[in-house]
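Spelled out from the first residue to the last, the chains are:
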Amino acid sequence: MANLSTALPNYGFPHQFDRIEFIASSTCSITLSCSIGAVSFRLTPNASGRIVLTNFAQLLRDFTADGVPRMFTLTWDSGSYTFKVLPCRLTLSQSAYGFSERHFMTLQTGRKPTYIGAPETVTMYASNNQGDRFAIALLWVDPLTGQTQTQVLDGNSDTEDGAIATGTGYVQIDVSPASFAAPAPGLELHSYTVSAGNRIQEFELRRVGDAKPVTLLFRNCFGIMESFHLFGEVTQELKPTRSAASFSGLTRNFRVVSVPEYTAQTGLLRPGCFALFEDLCTSDYVLLPAENNAELCITDCDFKLSSDRYEPQQGTITWRYARQARHYEVVNDAITFDDSFDDTFK
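Keep in mind it's a predicted model, so treat the numbers as computed, not measured. (Residues numbered from 1 in each chain as written. Predicted model: local features only at pLDDT ≥ 70, side-chain atom pairs only at ≥ 80, totals over all residues. Heavy atoms only, no water.)

**Examining the overall build of the protein chain**
Stage number 1. Looking only at helices and strands, the protein chain features four helices and 25 strands.
Stage number 2. The C-alpha atoms of the protein chain give a radius of gyration of 26 Å, which is well past the 20 Å a tight globule of 346 residues would have.
Stage number 3. The principal-axis extent of the C-alpha atoms belonging to the protein chain is close to 100 × 80 × 50 Å.
Stage number 4. The buried share of the protein chain, taken over its 346 residues, is 38%.
Stage number 5. Sequence-distant contacts, at least 24 apart, represent 65% of the contacts inside the protein chain between residues at least 6 apart.
Stage number 6. Just so you have it, the protein chain exposes about 19,500 Å², and 49% of that area is on carbon and sulfur atoms.
Stage number 7. Positive and negative side-chain charges of the protein chain, numbering 27 and 37 respectively, have mean locations separated by a distance of 9 Å. (Helix = DSSP H or I, 4+ residues; strand = E, 2+ residues; numbered from the N terminus. Rg over C-alpha atoms; globule rule 2.2 N^0.38 Å. Buried < 20%, exposed > 50% of the residue type's maximum accessible area, 1.4 Å probe, protein only. Contact = heavy atoms within 4.5 Å. Areas by Shrake-Rupley, 256 points an atom, 1.4 Å probe, with all protein chains shown as cover. Lys, Arg positive; Asp, Glu negative; His and termini not counted. Charge placed at Lys NZ, Arg CZ, Asp CG, Glu CD.)

In structure tokens form, the structure reads like this:
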């Protein structure tokens, strides 16, 4: 006979289920099951008559590593309990309820820098179908006169059409800067704020200089695909890996793997971007939208925060393509004249 003594929430992040205790009088069989598998334990209570499951959060993280929230059922000899787990690689200081009520599913705080042409989405977890609506406030600027104009899109019109319910409690909306049309000719988008209930996410557009920023899409710590923009320079380095052996008295390379590595600088980072960049560096699934969402493999990163409040903070990240063969973009010659061009001058 065993009884669950830990108060478990209806839904939560894995760390909220890290320690589960039972009061038992004899050996008890415990099973955790979900749609993709199950794991069973047969445990004997200690001298105090307790069975304690510790480090249970890691098991739940493994079951939700693909970024999909799942319903779990914990079954023991004399009862069962069903709960929902939202993916989260970190141990947050807040519960899933407390975080999702006041934050979008991202570690970004403050204003996120972006640019025209960048992909941007915001995702919220709507527990109990609370029905919060998205609203967007856009600030437009006339670069010639300096005049500004504010435009508000509420959830009853423009933004609701773009909201996507994933069927797992998440609701996502596309807020890419290029998707907004200027309310009058000559206006340029300066910044915008997306809100839903108590959640707020601000975006600020940066002017693109000599080089276009590099955007990476990655699965963040909550299992949501999110963008990060690198505004610094990008360098390419090619170091082929060679395997050699002796054949008939000759040393030859029998395998050469030629996959370049790319290192990009973030540019100056605001404090609100620190956690988001750390999240990118620890992600196991990264895509490059500029090349049809080619999958990347993060190989290195450099991010050191200084306690000097006047020291500019920035980082670098290094990646290679996940595919084994080197990608090469073929450039065709431009045909300036057709066959009717008079070439008698030759």
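Here the narrative resumes.
**Remarks on empty space enclosed by the protein**
Stage number 1. Counted under the stated rule, the structure contains two cavities of 30 Å³ or more.
Stage number 2. Here the largest cavity is characterised by a volume of approximately 110 Å³.
Stage number 3. Forming the walls of the largest cavity are 15 residues, and the residues nearest its centre are Thr106, Thr121, Val122, Thr123 and Glu226.
Stage number 4. Broken down by element, the residue count for the lining of the largest cavity peaks at three residues, all from strand E10 (residues 121-125).
Stage number 5. Taken together, the residues that form the lining of the largest cavity break down as six nonpolar, six polar and three charged.
Stage number 6. Lining the second largest cavity are 13 residues; nearest its centre among them are Pro113, Phe228, His229, Phe231 and Cys273.
Stage number 7. Each residue belonging to the lining of the second largest cavity can be placed in one class, and the counts come to seven nonpolar, four polar and two charged. (1 Å grid on protein atoms, 1.4 Å probe; cavity = no way out; pocket = protein on both sides within 12 Å on 5 of 7 lines; lining within 4 Å. Points joined across faces, edges and corners; volume = space filled by probe spheres on them. Nonpolar A, V, L, I, M, F, W, Y, C, P; charged D, E, K, R; others polar.)

**Comments concerning helix H1 (residues 56-63)**
Stage number 1. Of the positions making up H1, those classed as buried are Phe56, Ala57, Leu60, Arg61 and Phe63. Mapping the buried residues of H1 onto a view down its axis gives an arc of 160 degrees, with all of them on the same face.
Stage number 2. Considering only its buried residues, H1 is in contact with strand E3 (20-24), strand E4 (28-34), strand E5 (37-43), strand E6 (50-53), strand E7 (70-76) and strand E8 (79-85). (Arc of directions from axis to C-beta.)

**Concerning the sheet that holds strand E12 (residues 148-153)**
Sheet strands pair via backbone hydrogen bonds, and the direction of the pair is either parallel or antiparallel.
Stage number 1. Pairing is mixed in the open sheet, where five strands are placed in the order E9-E16-E15-E11-E12. Pairing within the sheet leaves two strands with one partner each, and these edge strands are strand E9 (111-114) and E12. On average, each strand axis in the sheet is inclined to that of its neighbour by 20 degrees, with strand direction left out of account.
Stage number 2. In this structure, E9 lies alongside strand E16 (residues 199-205), joined through four bridges in parallel fashion. Looking at E16, one finds that arginine 111 is bridged to glutamate 202. (Pairing = 2+ DSSP bridges. Axes fitted to C-alpha atoms, helices over the stretch in contact; angles between N-to-C directions.)

**A few points about unusual backbone geometry**
Glycine aside, a negative phi is what most residues show, and trans is what most peptide bonds show.
Stage number 1. With phi around 55 degrees, asparagine 292 is a residue other than glycine that occupies positive phi space.
Stage number 2. Tracing the backbone through its elements, the reader meets asparagine 292 in the loop between strand E23 (286-288) and strand E24 (294-303).
Stage number 3. Residue classification places asparagine 292 among the exposed residues on the basis of a relative accessible area of 77%.

**Here we look at the pairing of strand E17 (residues 214-219)**
Stage number 1. With six of six residues buried, E17 lies mostly within the body of the structure.
Stage number 2. Burial of E17 is two-sided: the residues Val214, Leu216 and Phe218 facing one way and the residues Thr215, Leu217 and Arg219 facing the other way are all buried.
Stage number 3. As defined by bridge partners, E17 adjoins strand E18 (residues 225-230) across six bridges and the pair is classed as antiparallel. Bridging across to E18, leucine 217 finds its partner in serine 227.
Stage number 4. Taking the residues that link successive antiparallel strands as the turn, the E17-E18 hairpin has five residues, and the phi of glycine 223 there is positive, at about 80 degrees.

**A look at the sheet that holds E23**
Stage number 1. The sheet built from seven strands is open, its strands ordered E18-E17-E23-E24-E25-E22-E19 with antiparallel pairing. The open sheet has two edge strands with one neighbour each: E18 and strand E19 (234-237). For this sheet, the mean angle separating the axes of adjacent strands, direction not counted, is 35 degrees.
Stage number 2. Note: E17 against E23, two bridges, orientation antiparallel. When the bridges of E23 are listed, leucine 217 appears paired with leucine 287.

**So, the packing of aromatic side chains**
Stage number 1. Evaluated as defined, the whole model comprises 20 aromatic pairs.
Stage number 2. Measuring from centroid to centroid gives 5.2 Å for phenylalanine 180 and tyrosine 192, while their planes differ by 65 degrees, and the two rings are edge-to-face. Here phenylalanine 180, found in the loop between strand E14 (170-174) and strand E15 (188-196), pairs with tyrosine 192, found in strand E15; they are 12 residues apart in sequence, far enough to count as distant.
Stage number 3. When its relative accessible area of 14% is taken as the criterion, phenylalanine 180 is described as buried.
Stage number 4. Judged by centre distance (6.1 Å) and plane angle (20 degrees), the rings of tyrosine 262 and tryptophan 319 are stacked. Linking tyrosine 262 in strand E22 (residues 261-265) with tryptophan 319 in strand E25 (residues 315-321), this pair joins segments that are 57 residues apart in sequence. You'll find tyrosine 262 and tryptophan 319 in the same group, each marked buried.
Stage number 5. Residue placement shows arginine 206 over the ring face of phenylalanine 231; its charged tip is 4.7 Å from the ring centre. (Phe/Tyr/Trp six-rings, centres within 6.5 Å; stacked < 30°, edge-to-face > 60°. Lys NZ or Arg CZ within 6 Å of the ring centre and 35° of its normal.)

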